[in-house]
Structure formats: structure tokens, C-alpha cells
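# Tertiary structure, described
What follows is the residue order along each chain.
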Amino acid sequence: MLHPMIALSVILLCICILAFAVLLWITRVPPEVPATVADDPALPRFRGKGVLLHGHVTGAGGAPLAIVLHGGPGGDHRSLLALEALRDTHRVLFYDQRGAGLSERVTEDRLAMKDHLADLDALIAAHGGDPVLLIGHSWGAMLATAYLGHRPEVVSRAVLIEPGFLDAEGLTAFETRRTALSRSPRMIWAGLLAGFRARGMRGDAEAARDSIVGTVVHAFANHPANPYHCPGQTYDAPALRFGSRASDAFWREPATALGAIAPGLAFPGRVLILAGGCNDWTGGPLQARHAGLFPDAAMDVIEGAGHDTTWDKPDATLAAIRPFIAGTQYR
């Protein structure tokens, strides 16, 4: 007869082997990761500052330019395409930021805020967009704010949809909640599954890493304790491909980005800040405080929307933006 401790050890070993086999089975088919503009010549593209950017522009050639800045860092513009409706008054330019979406991957030392600002400089110059309307979502709203300080003279107005934080107080609060969610068992399990699924994945050198981190980020946004979605709903905003290094470059030193964002808070032009009505994290209360940081800012709440108001409530989001850019409301 086996000693009880030996028997227990054998049982635990068998359970571990079985669990490992089950993980291998349920993750046996790796996800497909789309190629970037560096590998797919059919993708529409722009030139940034020494980098190829995936994107497109729509609208009449002589219309004012509007540039849409997606969230992340590391996300893409897919969930913001409802803003194409603004093409009746603007040329609307969508692009995936460097190292993100389907844009070219670059090393982490080329993913600083100054690099993102240089890409915006290049896009505005190439498309004759002076002055330009900036529309940013989440991290994209933070990037837009940095650009307001970088080149305020070339920006007409700015629409900021739920920037995550714009000052040190906001960064501290955001990091506290983000860290707590990131360490939950649900997130750890999502990362484990994503890692198993990525084995044997085909694609470029960043494909597996992007797939793993992108899966975890989606799980984070869809966490039941995360109000990025309304109660009883899921966070279903679509994405093309996540840029893991772009995300890492920012989160390694988020306080550094605040140095670039801070000058934008003095922008003398008009700013509209939008918040999701379901979001008690980066929603109304935080965005009301953000509005007070600018000399001339108004805020509107999109009811029934979570963090991504453009995806959740596109008509309501457009209804808020149109009178602002026309100068007929929020005076």
C-alpha cells in the first residue's frame, strides 16, 4: 500500500498532467494575426516620420482635415469608423499609430511621445490640414492633448473622448484601479490561455506577442468589474491587431508622457470632452474634472455608452460632435 503522502502526490501529478493536456487541446488552433503594412502591400498606408502607417482618408479634397486618434496605446482605429460620417463636412483621416494596429512595428526606443507627435506633424503636412480638427479616444485623447501643446497653432478644435488621465492625480487613480484589475484571477487565466494559443503561431516576429497581450487587454476591458461596458453588456468593440511594444513603451514610464501632455492643457481653442454614461471610472466625474483643466472646454455625457462611446452609441456621439465642430453649441 502506498504511503498517503505519496498517493496524494501521485493524484496531484495526474491532475496537473490532465489539466495540461486539456489546455493543449482547447488551445490547439492558434488565432490568426493579420499582417502589417510592412508585409501586406495591399493595405492602404501613409508615411509617418520614418515609419509606414496603416490608414485611409475619406471626404472631399478641399474640406477641412480631421484626424482620428485611437486608444491604447497599441490599439487601432477599427471601432472609431462611425466617425466616417463626418466626411460630409471634413476629410476624415484614420490611421493606426506606429507599432500598433496594422502599422509597421518599430523598436521600443522609437515609440516615445515625441515619435507619435512627429507622425502627426508628417500626416498634417502631407494632407494640407492646417488648421486641423483632432478627435481622440482614450489614449488617443491624451495624445491629442499633447499635440495641442506641441503645435497649438495648427489645431482648430479638439474632441477628447474619455482620456484616461491628463495629470498626476489622474495617473495615480488610474494606476491603482488598473493594477487591481490586472492581478485578478480572471486576468491571469486569460493570459495563460492566450499563451497556450499562441504556440506555433505563424506571422511576423511580433505576431505571437501581439496576440497574447491583445487577448489580455480585451479581457481587461471586458472584466465584470470594469465599467468600460454598461451593466449586463460585454465590451465588444472590434479591433484589428494589438501593438504590444507600443503599449509597453508607454506603461513602462507613464509619468513621462504627462510631461508632454501638460502643455496642451493651456490650449486656447475650444475643446469638447465626451464621457460614457455607464462609466464611473473614466466617465462623467473624471471628464468633468478634465474639462476644468482647459481654458475653454465643454463636456457632454453619452448616455447608454461605456468607454468607447463611438462604438456603443455612434449616432449620439456624432450628434454631440457635429454642433461643436460647426460652432453652433457648447459656447
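Residues numbered from 1 in each chain as written. Predicted model: local features only at pLDDT ≥ 70, side-chain atom pairs only at ≥ 80, totals over all residues. Heavy atoms only, no water.

Time to look at helix 4 (residues 168-182). The end-to-end C-alpha separation of helix 4 is 21 Å, in line with the 21 Å expected for 15 residues at 1.5 Å each. Along helix 4, the residues classified as buried are G170, L171, F174 and L181. Seen from one end, helix 4 has its buried residues packed into an arc of 100°, which puts them on one side. The exposed residues of helix 4 that point more than 90 degrees off its buried face are A168, E169, T172, T176 and A180. Taken together, the buried residues of helix 4 touch helix 5 (185-197), helix 6 (207-221), helix 7 (244-252), helix 8 (254-261) and helix 9 (284-291). (Helix = DSSP H or I, 4+ residues; strand = E, 2+ residues; numbered from the N terminus. Expected span 1.5 Å × (residues − 1). Buried < 20%, exposed > 50% of the residue type's maximum accessible area, 1.4 Å probe, protein only. Arc of directions from axis to C-beta. Contact = heavy atoms within 4.5 Å.)

A separate point is unusual backbone geometry. P73 follows G72 through a cis peptide bond whose omega is -5°. Positive phi, close to 60°, is recorded for S138, a residue that is not glycine. Classification of S138 by relative accessible area gives buried; the value is 11%. If you check the backbone angles, E162 has positive phi at about 50° while not being a glycine. With respect to the helices, strands and loops of the structure, E162 is situated in the loop between strand 6 (155-161) and helix 4.

Everything listed is a geometric property; what it means functionally is a separate question.
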